[in-house]
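For reference, the chains in residue letters:
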Number of protein chains: 2
Amino acid sequence: MRIGELAARAGVSVRSVRYYEEQGLLSSVRSGSGQRHYTDEEVERVAFIQRLYSAGLSSRTIAELLPCVDSPSEEHSEAALERMAQERDRLSAHIDDLVRTRDTLDKLMDTAREYRDRHFRAPVPQD
Amino acid sequence: MRIGELAARAGVSVRSVRYYEEQGLLSSVRSGSGQRHYTDEEVERVAFIQRLYSAGLSSRTIAELLPCVDSPSEEHSEAALERMAQERDRLSAHIDDLVRTRDTLDKLMDTAREYRDRHFRAPVPQD
DNA sequence: CTTGCCTCTGACGTCAATGTCAGGTTTTAG
DNA sequence: CTAAAACCTGACATTGACGTCAGAGGCAAG
């Protein structure tokens, strides 16, 4: 498939796909006229890249992880495993942080609801 | 305390504190010479703002939430509650996304470890 | 063949939070 | 008193993942 279809199927923009290639996260086979062609597998790959981005990883970090995903071989296996473990930990920490923030928000909402109910109207069952 | 101490205590840069004020997230009492002065409470506030930022909220969104935090009153209570619920949901979705990504990373690491152990050395107890 | 859509490269624009610098005032320590 | 350190405003720089546009070429349908 060509880049438009890939982008649509993966749910990203055409611009992003080109950007991923520029960053070395994705490769393409070029037709004689220079157009990029992809296989079905690339759809998943692009989607996965997106998820890593939205997990807060940078292009550089993703570029360091993907080779391990592609071909687990001796050369990068150890380094990549460490890198992945490290990013996994960062991710875990971030998740914990978000959960704490969500808890804080929950408490704030409870407070606000209580206040509202006490002052402005009868209590309602919460959600 | 002055801005330097506040920033240090809250773990952010002086620049950021000024920026928060510029965005209406924080207020300060000015001394005669124009220097900002803060109370201990502001330290927590700044730290909380930081957490909202790192949770992916924008200045604008934070600005919409903080008034509710400060003084739950009729005027913004309903709207702010909705806003908070909405952001809470966004946050939850994001957390779920991150957890899924972490799971994927875990699986990748398992695969890599298996590969390594099968090909290059005797199995070791995992972690 | 032509019309319309897709693609190409390359470059500049954007946005948000923050860094950084300049040029000047204020506060603090010795 | 004086030098260092901290603060002020204002403005421009940066970073990263894109958006967007220009100008040119590719490709299927009628």
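Per chain, residues are indexed from 1 in the order of the written sequence. Chains carry letters from A onward and ligands carry numbers from 1 onward, assigned in written order. Only residues with pLDDT of at least 70 get local features here, since the model is predicted, and only at 80 or more are side-chain atom pairs given and counted; chain-wide, interface and lining totals rely on the full set of residues. Values shown for side chains rest on all heavy atoms present in the structure; no hydrogens or waters enter the calculation.

**Focus: helix α1 (residues 3–10) of chain B**
Residues and elements named next belong to chain B. Of the residues making up α1, those classed as buried are Ile3, Leu6, Ala7 and Ala10. Buried residues along α1 cover an arc of 95° about the axis, so they all sit on one side. Note on definitions: a residue-residue contact is assigned when non-hydrogen atoms from the two residues lie within 4.5 Å. Numbering of helices and strands runs from the N terminus; a helix is a DSSP stretch of H or I covering at least four residues, while a strand is a stretch of E covering at least two. Those residues of α1 that are buried are in contact with α2 (14–22), β2 (36–37) and α3 (40–54). Gly11 sits one or two positions beyond α1 and adopts a positive phi of about 75°. Whether a residue is buried, partly exposed or exposed follows from its accessible area with a 1.4 Å probe, protein chains only, as a fraction of its type maximum: under 20%, in between, or over 50%, in that order. To be clear, the arc concerns the directions from the helix axis to the C-beta atoms.

**Some words on the packing of helix α1 (residues 3–10) of chain A against helix α3 (residues 40–54) of chain A**
Residue and element names in this part refer to chain A. Note on geometry: axes are lines fitted to C-alpha atoms, helical ones only across the stretch in contact, with angles between N-to-C directions running from 0 to 180 degrees. The contact between α1 and α3 brings their axes to 9 Å, and the two run at 50°. Judged by the inter-axis angle, α1 sits oblique to α3. Crossing of α1 against α3: the hand is right-handed. Contact residues: α1 offers Leu6, Arg9 and Ala10, while α3 offers Asp40, Glu42, Val43, Val46 and Ala47. If an angle is under 35 degrees, it is roughly parallel; if it is over 145, roughly antiparallel; if it lies from 65 to 115, roughly perpendicular; otherwise it is oblique. Note on convention: near helix rotated counterclockwise from far helix by under a right angle means a left-handed crossing. Clockwise means right-handed.

**Considerations on the interface of chain A and chain B**
Chain A puts 38 residues into the contact, and the matching count from chain B is 38 residues. When the two sides are added together, the surface that chain A and chain B hide from each other amounts to roughly 3700 Å², 71% of it contributed by carbon and sulfur. Should a side-chain nitrogen of Lys or Arg be within 4 Å of a carboxyl oxygen of Asp or Glu, the pair is scored as a salt bridge. Scanning the region where chain A abuts chain B turns up 2 salt bridges. In this structure, Arg88 of chain A engages Asp106 of chain B in a salt bridge whose closest nitrogen and oxygen atoms are separated by 2.8 Å. N or O atoms closer than or at 3.5 Å make up a polar contact, with two conditions inside protein: a donor-capable atom paired with an acceptor-capable one, and, for residues adjacent in sequence, both atoms drawn from side chains. Across the chain A-chain B interface, the total number found is 12 residue pairs in polar contact (both at pLDDT 80 or more). Counting residues per element, the ones that place at least two in the side of chain A that touches chain B are α3, α4 (59–70) and α5 (74–120) of chain A. Only Asp, Glu, Lys and Arg are considered charged in this grouping, and only Ala, Val, Leu, Ile, Met, Phe, Trp, Tyr, Cys and Pro are considered nonpolar; every other residue, Gly among them, is considered polar. Considered class by class, the residues forming the side of chain A that touches chain B number 20 nonpolar, 7 polar and 11 charged. The term buried area denotes the loss of accessible surface (1.4 Å probe radius) that occurs when two parts are joined, taken as the sum for both partners.

**Things to note about the nonpolar core**
The nonpolar core is taken to be a set of buried Ala, Val, Leu, Ile, Met, Phe, Trp, Tyr and Cys residues, with the residues joined through side-chain atoms within 4.5 Å. Ranked by size, the top nonpolar core spans 63 residues in total, and within it Leu6 and Val17 of chain A together with Leu6 and Val17 of chain B carry the most contacts. At 10 residues, α5 of chain A tops the list of elements feeding residues into this core. Sequence-distant contacts of Leu6 of chain B, defined by excluding residues within four places in its chain, comprise Met1, Val17, Leu26, Tyr38, Glu42, Val43 and Val46 of chain B.

**Comments concerning the protein's contact with DNA strand C**
Taken together, 20 residues sit near DNA strand C, with Gly4 and Arg36 of chain A together with Ser13, Tyr19 and Ser59 of chain B positioned nearest. Neighbouring residues are identified by heavy atoms, a residue being near a molecule or strand if any of them is within 4 Å of it. The sugar-phosphate backbone supplies 80% of the atoms of DNA strand C found within 4 Å of the protein. Measuring from a phosphate oxygen of DNA strand C, one finds a backbone N or O atom of Ile3 of chain A at 3.5 Å. Arg15 of chain B places a side-chain nitrogen or oxygen 3.1 Å from a base oxygen of DNA strand C. Only α1 of chain A together with α2 and α3 of chain B provide two or more residues apiece to the surface near DNA strand C.

**Thoughts on the packing of aromatic side chains**
Pairing of aromatic side chains requires ring centres within 6.5 Å, counting the rings of Phe and Tyr and the six-membered ring of Trp. Pairs whose planes differ by under 30 degrees are stacked, by over 60 edge-to-face, and all others tilted. Enumeration according to the criterion identifies 4 aromatic pairs over all chains in this entry. A connected cluster of aromatic rings, assembled from ring pairs, spans Tyr19, Tyr20 and Tyr53 of chain A.

**Digging into the environment of Glu44 of chain A**
On the secondary structure map, Glu44 of chain A appears in helix α3. Spatially, the C-alpha atom of Glu44 of chain A lies 7.0 Å from that of Ala10 of chain A, the residues being 34 residues apart in sequence.

**Focus: the UniProt feature "coiled-coil region" (unreviewed entry) in chain A**
Here the UniProt-annotated "coiled-coil region" (unreviewed entry) positions come out as residues 81–118 of chain A. In residues 81–118 of chain A, the share of helix is 100% and the share of strand is 0%. The end C-alpha atoms are 55 Å apart. UniProt positions are given in the numbering used here, feature names are shortened, and annotations may be inferred rather than shown by experiment.

**So, the protein's contact with DNA strand D**
With respect to spatial proximity, 20 residues lie near DNA strand D, and among them Ser13, Ser16 and Ser59 of chain A together with Gly4 and Arg36 of chain B are the closest. For DNA strand D, the backbone makes up 75% of the atoms found within 4 Å of the protein, where backbone means sugar plus phosphate. Note that a phosphate oxygen of DNA strand D is positioned 3.1 Å from one of the side-chain N or O atoms of Tyr20 of chain A. Side-chain polar atom of Ser59 of chain A to a phosphate oxygen of DNA strand D: 2.9 Å apart, as the coordinates give it. Mapped onto the surface near DNA strand D, the elements with two or more residues apiece are α2 (14–22) and α3 of chain A together with α1 and α2 of chain B. Among the elements that make up the surface near DNA strand D, the one with the highest residue count is α2 of chain A (4 residues).

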